[in-house]
Amino acid sequence: MKEINDIVKAYKIAQVNGLKAALATVVKVQGSSYRQAGARMLVTEDGQLTGAISGGCLEGDALRKALLAIHQKNNKLITYDTSNPDDLEFGVQLGCNGIVHILFEYIDENSPQNPISLLEKTTEKRDESVIITLFSLEKRNKQTGTVGLIKEENTIISDSCCISEIELNRFSSEVLEKKQNILTQISSNEILLQYVPPQTTLIIAGAGNDVKPLVETASILGWKTIVADGRATHALKKRFPLADEVLLTTPEEIMKTIKIDETTIFVMMTHNYNYDLALLKLIIHQPVQYIGLLGPKTRFNRMMDDLKNSGITVGEKELNKLFGPVGIDIGAETSEEIAISVIAEIKAVLSGRKGSSLRDKPEKIHTDILSI
(Lines give C-alpha, C1' and ligand atoms only; values in the text may rest on other atoms or scores of the structure.)
Protein backbone atom coordinates (compact mmCIF):
# COMPACT_ATOMS: atom_id res chain seq x y z
CA MET A 1 0.00 0.00 0.00
CA LYS A 2 2.86 2.42 0.74
CA GLU A 3 4.25 1.97 -2.77
CA ILE A 4 0.85 2.81 -4.25
CA ASN A 5 0.50 5.87 -2.02
CA ASP A 6 3.98 7.10 -2.95
CA ILE A 7 3.28 6.64 -6.67
CA VAL A 8 -0.01 8.53 -6.47
CA LYS A 9 1.65 11.41 -4.61
CA ALA A 10 4.56 11.54 -7.06
CA TYR A 11 2.18 11.62 -10.02
CA LYS A 12 0.23 14.54 -8.55
CA ILE A 13 3.48 16.46 -8.13
CA ALA A 14 4.39 15.65 -11.75
CA GLN A 15 1.01 16.98 -12.89
CA VAL A 16 1.56 20.25 -11.04
CA ASN A 17 4.93 20.57 -12.78
CA GLY A 18 3.46 19.73 -16.18
CA LEU A 19 5.42 16.47 -16.54
CA LYS A 20 4.27 13.37 -18.42
CA ALA A 21 4.68 9.94 -16.80
CA ALA A 22 4.64 6.20 -17.35
CA LEU A 23 3.90 3.37 -14.94
CA ALA A 24 6.10 0.26 -14.93
CA THR A 25 4.49 -2.85 -13.45
CA VAL A 26 5.95 -6.32 -12.91
CA VAL A 27 3.15 -8.43 -14.38
CA LYS A 28 4.73 -11.88 -14.46
CA VAL A 29 7.78 -13.63 -13.01
CA GLN A 30 9.17 -17.01 -13.97
CA GLY A 31 11.88 -18.31 -11.67
CA SER A 32 13.57 -16.02 -9.15
CA SER A 33 13.22 -12.26 -8.99
CA TYR A 34 13.86 -9.52 -6.44
CA ARG A 35 10.32 -8.13 -6.83
CA GLN A 36 7.17 -10.09 -7.57
CA ALA A 37 4.13 -9.49 -9.78
CA GLY A 38 2.34 -6.31 -8.74
CA ALA A 39 5.48 -4.29 -7.97
CA ARG A 40 5.28 -0.84 -9.55
CA MET A 41 7.42 2.15 -10.39
CA LEU A 42 6.38 5.57 -11.69
CA VAL A 43 8.73 7.25 -14.16
CA THR A 44 8.33 10.94 -15.01
CA GLU A 45 9.80 12.50 -18.14
CA ASP A 46 12.46 14.31 -16.10
CA GLY A 47 13.82 10.92 -15.00
CA GLN A 48 12.39 10.74 -11.47
CA LEU A 49 11.63 7.21 -10.21
CA THR A 50 9.11 6.37 -7.49
CA GLY A 51 8.66 2.78 -6.34
CA ALA A 52 10.78 -0.16 -7.48
CA ILE A 53 10.56 -3.08 -9.90
CA SER A 54 13.87 -4.70 -8.89
CA GLY A 55 16.75 -4.30 -6.49
CA GLY A 56 18.07 -1.51 -8.69
CA CYS A 57 19.55 -3.44 -11.60
CA LEU A 58 16.60 -3.05 -14.00
CA GLU A 59 15.76 0.53 -13.17
CA GLY A 60 18.30 2.08 -15.58
CA ASP A 61 17.01 0.23 -18.62
CA ALA A 62 13.43 0.56 -17.38
CA LEU A 63 13.88 4.34 -17.32
CA ARG A 64 14.78 4.29 -21.02
CA LYS A 65 11.81 2.05 -21.88
CA ALA A 66 9.44 4.22 -19.85
CA LEU A 67 10.64 7.41 -21.54
CA LEU A 68 10.04 5.73 -24.89
CA ALA A 69 6.50 4.82 -23.81
CA ILE A 70 5.94 8.45 -22.79
CA HIS A 71 7.31 9.75 -26.09
CA GLN A 72 5.24 7.33 -28.18
CA LYS A 73 2.19 7.54 -25.86
CA ASN A 74 1.95 3.79 -26.07
CA ASN A 75 2.04 0.75 -23.77
CA LYS A 76 4.95 -1.69 -24.02
CA LEU A 77 5.76 -5.12 -22.58
CA ILE A 78 9.45 -5.78 -22.00
CA THR A 79 10.91 -9.13 -20.94
CA TYR A 80 14.17 -9.39 -19.01
CA ASP A 81 15.55 -12.93 -19.16
CA THR A 82 18.37 -13.14 -16.62
CA SER A 83 19.24 -16.63 -17.85
CA ASN A 84 19.85 -15.22 -21.35
CA PRO A 85 23.48 -14.29 -22.18
CA ASP A 86 22.22 -11.06 -23.77
CA ASP A 87 20.76 -10.03 -20.42
CA LEU A 88 23.73 -11.31 -18.41
CA GLU A 89 24.36 -7.88 -16.91
CA PHE A 90 20.89 -7.89 -15.37
CA GLY A 91 21.23 -11.48 -14.17
CA VAL A 92 24.54 -10.87 -12.45
CA GLN A 93 23.18 -7.85 -10.60
CA LEU A 94 19.92 -9.54 -9.69
CA GLY A 95 21.72 -12.52 -8.24
CA CYS A 96 18.94 -14.73 -9.58
CA ASN A 97 18.01 -16.72 -12.64
CA GLY A 98 14.52 -15.74 -13.68
CA ILE A 99 12.40 -14.12 -16.35
CA VAL A 100 10.69 -10.83 -15.48
CA HIS A 101 7.93 -9.35 -17.65
CA ILE A 102 7.38 -5.62 -17.12
CA LEU A 103 4.51 -3.62 -18.55
CA PHE A 104 5.12 0.07 -19.30
CA GLU A 105 1.97 2.19 -19.48
CA TYR A 106 1.75 5.76 -20.70
CA ILE A 107 -0.43 7.77 -18.32
CA ASP A 108 -3.06 9.77 -20.17
CA GLU A 109 -4.06 12.45 -17.70
CA ASN A 110 -7.21 13.15 -19.70
CA SER A 111 -8.53 9.65 -19.12
CA PRO A 112 -10.58 9.38 -15.90
CA GLN A 113 -9.73 5.66 -15.73
CA ASN A 114 -5.98 5.85 -16.28
CA PRO A 115 -3.81 3.51 -14.15
CA ILE A 116 -2.93 6.16 -11.56
CA SER A 117 -6.58 7.09 -11.14
CA LEU A 118 -7.42 3.44 -10.46
CA LEU A 119 -4.51 3.10 -7.99
CA GLU A 120 -5.69 6.20 -6.16
CA LYS A 121 -9.14 4.70 -5.65
CA THR A 122 -7.60 1.83 -3.65
CA THR A 123 -6.65 4.39 -1.00
CA GLU A 124 -9.96 6.23 -0.75
CA LYS A 125 -11.58 3.83 1.71
CA ARG A 126 -10.09 1.39 4.15
CA ASP A 127 -11.15 -1.80 2.41
CA GLU A 128 -9.76 -4.55 0.21
CA SER A 129 -9.24 -4.05 -3.51
CA VAL A 130 -8.30 -6.03 -6.60
CA ILE A 131 -6.35 -4.28 -9.36
CA ILE A 132 -6.79 -5.85 -12.81
CA THR A 133 -4.03 -5.65 -15.43
CA LEU A 134 -4.21 -7.22 -18.90
CA PHE A 135 -1.14 -8.00 -20.99
CA SER A 136 -0.16 -10.34 -23.81
CA LEU A 137 3.05 -12.28 -24.33
CA GLU A 138 1.84 -13.21 -27.81
CA LYS A 139 0.76 -9.82 -29.17
CA ARG A 140 3.57 -7.67 -27.84
CA ASN A 141 2.61 -4.65 -29.91
CA LYS A 142 -0.85 -4.53 -28.35
CA GLN A 143 -0.85 -4.18 -24.57
CA THR A 144 -4.10 -3.26 -22.81
CA GLY A 145 -2.67 -2.45 -19.37
CA THR A 146 -4.39 -1.63 -16.08
CA VAL A 147 -8.09 -1.81 -16.84
CA GLY A 148 -10.05 -2.22 -13.65
CA LEU A 149 -10.50 -2.02 -9.93
CA ILE A 150 -12.86 -4.16 -7.91
CA LYS A 151 -13.78 -3.27 -4.35
CA GLU A 152 -16.49 -4.64 -2.11
CA GLU A 153 -18.82 -1.73 -2.88
CA ASN A 154 -17.68 -0.67 -6.33
CA THR A 155 -16.43 -2.06 -9.65
CA ILE A 156 -14.64 0.13 -12.19
CA ILE A 157 -13.83 -1.38 -15.58
CA SER A 158 -12.14 0.61 -18.34
CA ASP A 159 -13.67 0.77 -21.81
CA SER A 160 -10.43 -0.77 -23.13
CA CYS A 161 -11.04 -3.98 -21.19
CA CYS A 162 -11.91 -6.90 -23.45
CA ILE A 163 -12.93 -9.27 -20.64
CA SER A 164 -16.48 -9.38 -19.34
CA GLU A 165 -17.24 -7.88 -15.95
CA ILE A 166 -18.85 -11.16 -14.89
CA GLU A 167 -15.61 -13.07 -15.50
CA LEU A 168 -13.50 -10.43 -13.77
CA ASN A 169 -15.80 -10.45 -10.74
CA ARG A 170 -15.55 -14.24 -10.58
CA PHE A 171 -11.75 -14.14 -10.59
CA SER A 172 -11.67 -11.23 -8.13
CA SER A 173 -13.88 -13.09 -5.67
CA GLU A 174 -11.24 -15.79 -5.50
CA VAL A 175 -8.51 -13.19 -5.01
CA LEU A 176 -10.41 -11.62 -2.11
CA GLU A 177 -11.14 -15.02 -0.58
CA LYS A 178 -7.51 -16.22 -0.77
CA LYS A 179 -6.06 -12.73 -0.16
CA GLN A 180 -3.33 -13.29 -2.72
CA ASN A 181 -2.52 -12.40 -6.31
CA ILE A 182 -3.81 -14.60 -9.11
CA LEU A 183 -2.62 -14.93 -12.70
CA THR A 184 -5.01 -16.33 -15.29
CA GLN A 185 -5.46 -16.31 -19.05
CA ILE A 186 -8.34 -15.75 -21.47
CA SER A 187 -7.54 -16.17 -25.14
CA SER A 188 -4.30 -14.29 -25.89
CA ASN A 189 -4.59 -12.10 -22.80
CA GLU A 190 -2.99 -12.88 -19.47
CA ILE A 191 -4.67 -11.25 -16.49
CA LEU A 192 -2.90 -10.22 -13.31
CA LEU A 193 -5.34 -9.76 -10.44
CA GLN A 194 -3.48 -8.11 -7.59
CA TYR A 195 -4.79 -8.22 -4.05
CA VAL A 196 -4.41 -4.88 -2.24
CA PRO A 197 -5.13 -5.12 1.50
CA PRO A 198 -6.39 -2.19 3.56
CA GLN A 199 -3.78 0.03 5.13
CA THR A 200 -2.52 -1.40 8.43
CA THR A 201 -3.48 0.69 11.45
CA LEU A 202 -1.13 0.53 14.43
CA ILE A 203 -2.60 1.76 17.70
CA ILE A 204 0.03 2.35 20.36
CA ALA A 205 -1.23 2.71 23.90
CA GLY A 206 1.43 4.85 25.50
CA ALA A 207 3.23 8.08 24.68
CA GLY A 208 6.57 7.65 26.38
CA ASN A 209 9.91 8.30 24.72
CA ASP A 210 10.27 4.63 23.83
CA VAL A 211 7.22 4.95 21.55
CA LYS A 212 8.91 7.46 19.22
CA PRO A 213 11.10 4.91 17.35
CA LEU A 214 8.11 2.61 16.95
CA VAL A 215 6.10 5.40 15.31
CA GLU A 216 9.04 6.31 13.08
CA THR A 217 9.59 2.72 11.96
CA ALA A 218 5.89 2.15 11.27
CA SER A 219 5.76 5.33 9.18
CA ILE A 220 8.52 3.95 6.93
CA LEU A 221 6.20 1.05 6.11
CA GLY A 222 3.31 3.40 5.40
CA TRP A 223 1.18 2.19 8.29
CA LYS A 224 -1.40 4.50 9.81
CA THR A 225 -0.19 5.14 13.34
CA ILE A 226 -2.29 6.33 16.27
CA VAL A 227 -0.75 7.13 19.65
CA ALA A 228 -3.12 7.11 22.65
CA ASP A 229 -2.33 7.99 26.24
CA GLY A 230 -4.11 9.35 29.31
CA ARG A 231 -1.35 11.80 30.25
CA ALA A 232 -1.74 15.38 28.99
CA THR A 233 2.01 15.94 29.34
CA HIS A 234 2.79 13.05 26.96
CA ALA A 235 -0.05 12.81 24.42
CA LEU A 236 1.15 15.73 22.30
CA LYS A 237 1.32 15.84 18.50
CA LYS A 238 4.63 17.73 18.63
CA ARG A 239 6.21 14.75 20.38
CA PHE A 240 5.11 12.40 17.57
CA PRO A 241 5.18 14.40 14.31
CA LEU A 242 5.09 11.22 12.17
CA ALA A 243 1.99 9.81 13.90
CA ASP A 244 -1.28 10.24 12.02
CA GLU A 245 -3.13 10.93 15.27
CA VAL A 246 -2.19 11.55 18.89
CA LEU A 247 -5.09 11.09 21.30
CA LEU A 248 -5.40 12.17 24.92
CA THR A 249 -7.95 9.57 25.89
CA THR A 250 -9.12 6.68 28.03
CA PRO A 251 -9.31 3.03 26.90
CA GLU A 252 -13.10 3.35 26.62
CA GLU A 253 -12.81 6.39 24.33
CA ILE A 254 -10.33 4.55 22.09
CA MET A 255 -13.04 2.01 21.31
CA LYS A 256 -15.54 4.75 20.47
CA THR A 257 -13.12 6.76 18.33
CA ILE A 258 -11.32 4.17 16.21
CA LYS A 259 -12.73 1.63 13.77
CA ILE A 260 -11.24 -1.77 14.61
CA ASP A 261 -10.89 -4.63 12.13
CA GLU A 262 -8.52 -7.42 11.10
CA THR A 263 -5.84 -4.99 9.94
CA THR A 264 -5.83 -3.08 13.23
CA ILE A 265 -2.80 -3.77 15.41
CA PHE A 266 -2.42 -2.91 19.10
CA VAL A 267 0.80 -2.46 21.05
CA MET A 268 0.57 -1.55 24.73
CA MET A 269 3.46 0.55 26.03
CA THR A 270 1.92 2.83 28.67
CA HIS A 271 3.98 1.36 31.54
CA ASN A 272 0.68 1.72 33.41
CA TYR A 273 -0.66 -1.69 34.34
CA ASN A 274 -4.24 -0.57 34.99
CA TYR A 275 -4.50 1.35 31.70
CA ASP A 276 -3.17 -1.61 29.72
CA LEU A 277 -5.45 -4.07 31.52
CA ALA A 278 -8.52 -1.89 30.96
CA LEU A 279 -7.75 -1.63 27.24
CA LEU A 280 -7.00 -5.34 26.92
CA LYS A 281 -10.40 -6.19 28.41
CA LEU A 282 -12.02 -4.14 25.65
CA ILE A 283 -10.05 -5.48 22.68
CA ILE A 284 -9.35 -9.12 23.57
CA HIS A 285 -12.44 -10.33 21.66
CA GLN A 286 -12.16 -7.80 18.82
CA PRO A 287 -11.26 -9.11 15.30
CA VAL A 288 -7.59 -8.10 15.53
CA GLN A 289 -4.66 -10.34 14.61
CA TYR A 290 -2.07 -8.92 16.97
CA ILE A 291 -1.98 -7.45 20.48
CA GLY A 292 1.51 -6.78 21.79
CA LEU A 293 2.22 -6.19 25.46
CA LEU A 294 5.46 -4.58 26.57
CA GLY A 295 6.96 -5.94 29.77
CA PRO A 296 8.25 -9.18 31.28
CA LYS A 297 6.48 -12.53 31.23
CA THR A 298 5.45 -12.15 34.87
CA ARG A 299 3.47 -9.01 33.98
CA PHE A 300 1.81 -10.83 31.08
CA ASN A 301 0.87 -13.81 33.29
CA ARG A 302 -0.55 -11.49 35.93
CA MET A 303 -2.67 -9.80 33.29
CA MET A 304 -4.01 -13.15 32.06
CA ASP A 305 -4.96 -14.07 35.63
CA ASP A 306 -6.72 -10.73 36.13
CA LEU A 307 -8.68 -11.19 32.90
CA LYS A 308 -9.90 -14.61 33.97
CA ASN A 309 -10.73 -13.40 37.48
CA SER A 310 -12.87 -10.64 35.98
CA GLY A 311 -14.89 -13.22 34.04
CA ILE A 312 -13.29 -12.70 30.62
CA THR A 313 -12.68 -15.88 28.65
CA VAL A 314 -9.16 -16.26 27.27
CA GLY A 315 -9.16 -19.31 25.03
CA GLU A 316 -6.77 -20.52 22.35
CA LYS A 317 -8.14 -18.03 19.83
CA GLU A 318 -7.41 -15.11 22.16
CA LEU A 319 -3.99 -16.42 23.19
CA ASN A 320 -2.94 -16.73 19.55
CA LYS A 321 -3.34 -12.98 19.04
CA LEU A 322 -1.52 -12.03 22.26
CA PHE A 323 2.23 -11.39 22.11
CA GLY A 324 3.78 -10.77 25.48
CA PRO A 325 6.57 -10.04 25.95
CA VAL A 326 6.22 -8.19 22.65
CA GLY A 327 8.73 -8.55 19.80
CA ILE A 328 11.04 -11.04 18.11
CA ASP A 329 14.07 -12.20 20.08
CA ILE A 330 16.95 -10.27 18.48
CA GLY A 331 18.60 -9.25 21.74
CA ALA A 332 16.96 -5.81 21.67
CA GLU A 333 17.85 -3.42 24.49
CA THR A 334 17.40 0.16 23.29
CA SER A 335 14.04 1.62 22.29
CA GLU A 336 15.21 1.69 18.66
CA GLU A 337 16.13 -1.97 18.73
CA ILE A 338 12.85 -2.84 20.45
CA ALA A 339 10.95 -0.97 17.74
CA ILE A 340 12.63 -3.07 15.03
CA SER A 341 11.86 -6.23 17.00
CA VAL A 342 8.19 -5.32 17.43
CA ILE A 343 7.62 -4.17 13.84
CA ALA A 344 9.29 -7.33 12.51
CA GLU A 345 7.02 -9.51 14.64
CA ILE A 346 3.90 -7.64 13.51
CA LYS A 347 4.91 -7.91 9.85
CA ALA A 348 5.52 -11.66 10.25
CA VAL A 349 2.08 -12.15 11.80
CA LEU A 350 0.33 -10.13 9.09
CA SER A 351 2.17 -12.13 6.42
CA GLY A 352 1.51 -15.49 8.08
CA ARG A 353 5.22 -16.12 8.58
CA LYS A 354 7.25 -17.41 11.54
CA GLY A 355 9.82 -14.64 11.58
CA SER A 356 12.70 -17.10 11.30
CA SER A 357 15.95 -16.60 9.39
CA LEU A 358 15.69 -16.91 5.61
CA ARG A 359 18.89 -18.95 5.76
CA ASP A 360 16.87 -21.78 7.31
CA LYS A 361 14.05 -21.60 4.76
CA PRO A 362 14.33 -24.66 2.47
CA GLU A 363 11.94 -23.35 -0.20
CA LYS A 364 11.88 -20.12 -2.22
CA ILE A 365 11.68 -16.81 -0.38
CA HIS A 366 8.56 -15.73 -2.25
CA THR A 367 5.47 -17.86 -2.70
CA ASP A 368 4.66 -18.50 -6.35
CA ILE A 369 1.69 -16.56 -7.66
CA LEU A 370 -1.48 -18.63 -7.90
CA SER A 371 -2.51 -19.52 -11.48
CA ILE A 372 -6.04 -20.52 -12.39
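One structure accompanies this document, and this report is about it. (Residues numbered from 1 in each chain as written. Predicted model: local features only at pLDDT ≥ 70, side-chain atom pairs only at ≥ 80, totals over all residues. Heavy atoms only, no water.)

Here we come to the sheet that holds strand β5 (residues 99-106). For sheets, the rule is that strands pair by backbone hydrogen bonds, running either parallel or antiparallel. Taken in spatial order, the five strands line up as β3-β2-β1-β5-β4 in an open sheet, and their pairing is antiparallel. Pairing within the sheet leaves two strands with one partner each, and these edge strands are β3 (49-51) and β4 (76-81). The sheet shows a mean angle of 25° between the axes of neighbouring strands, taken without regard to direction. For β4 and β5, the ladder comprises six bridges, and the chain directions are antiparallel. Within the sheet, the bridge partner assigned to T79 lies in β5 and is H101. The strands touched by helix α1 (residues 2-16) within the sheet are β1 (21-30), β2 (40-44) and β3, with β2 carrying the most contacts at an inclination of about 10°. (Pairing = 2+ DSSP bridges. Helix = DSSP H or I, 4+ residues; strand = E, 2+ residues; numbered from the N terminus. Axes fitted to C-alpha atoms, helices over the stretch in contact; angles between N-to-C directions. Contact = heavy atoms within 4.5 Å.)

A few words on helix α9 (residues 297-309). Helical geometry note: an α-helix holds 3.6 residues per turn, so side chains three or four residues apart project in the same direction. Spanning 13 residues, α9 covers 18 Å between terminal C-alpha atoms, matching the ideal 18 Å at 1.5 Å per step. R299, F300, M303, M304 and L307 are the residues of α9 that are buried. One side of α9 holds all its buried residues, which, seen down the axis, span an arc of 140°. In α9, the exposed residues that point more than 90 degrees away from the buried face are T298, K308 and N309. (Expected span 1.5 Å × (residues − 1). Buried < 20%, exposed > 50% of the residue type's maximum accessible area, 1.4 Å probe, protein only. Arc of directions from axis to C-beta.)

Looking now at the side chain of Q143. On the secondary structure map, Q143 appears in the loop between β6 (129-135) and β7 (145-151). At 2.8 Å, the side chain of Q143 forms a polar contact with the backbone oxygen of S136. (Polar contact = N/O pair within 3.5 Å; in protein donor to acceptor, adjacent residues only side chain to side chain.)

Compared with the 24 Å implied by 1.5 Å per residue over 17 residues, the 24 Å span of helix α11 (residues 335-351) between its first and last C-alpha is a close match. Among all positions in α11, only A339, S341, V342, I343, E345, I346 and A348 are buried. Against the buried residues of α11 lie β11 (201-205), α6 (212-220), β14 (264-268), β15 (290-293) and β16 (322-323). Of the residues one or two after α11, G352 is the one with positive phi, at around 70°.

In terms of nonpolar packing, the biggest core is built from 27 residues, with F266, M268, L280, I291, L293, M304 and L322 touching the most fellow members. Looking at this core, the elements that each hand over two or more residues are β11, β12 (224-229), β14, α8 (273-283), β15 and α9. With six residues, the single largest contributor to this core is α8. Excluding residues that lie within four positions of it along the chain, M304 makes contacts with L280, V314, L319 and L322. Judged by nonpolar contacts, the second largest core, of 24 residues, contains A243, V246, I265 and M269. (Core = buried A, V, L, I, M, F, W, Y, C linked by side-chain atoms within 4.5 Å.)

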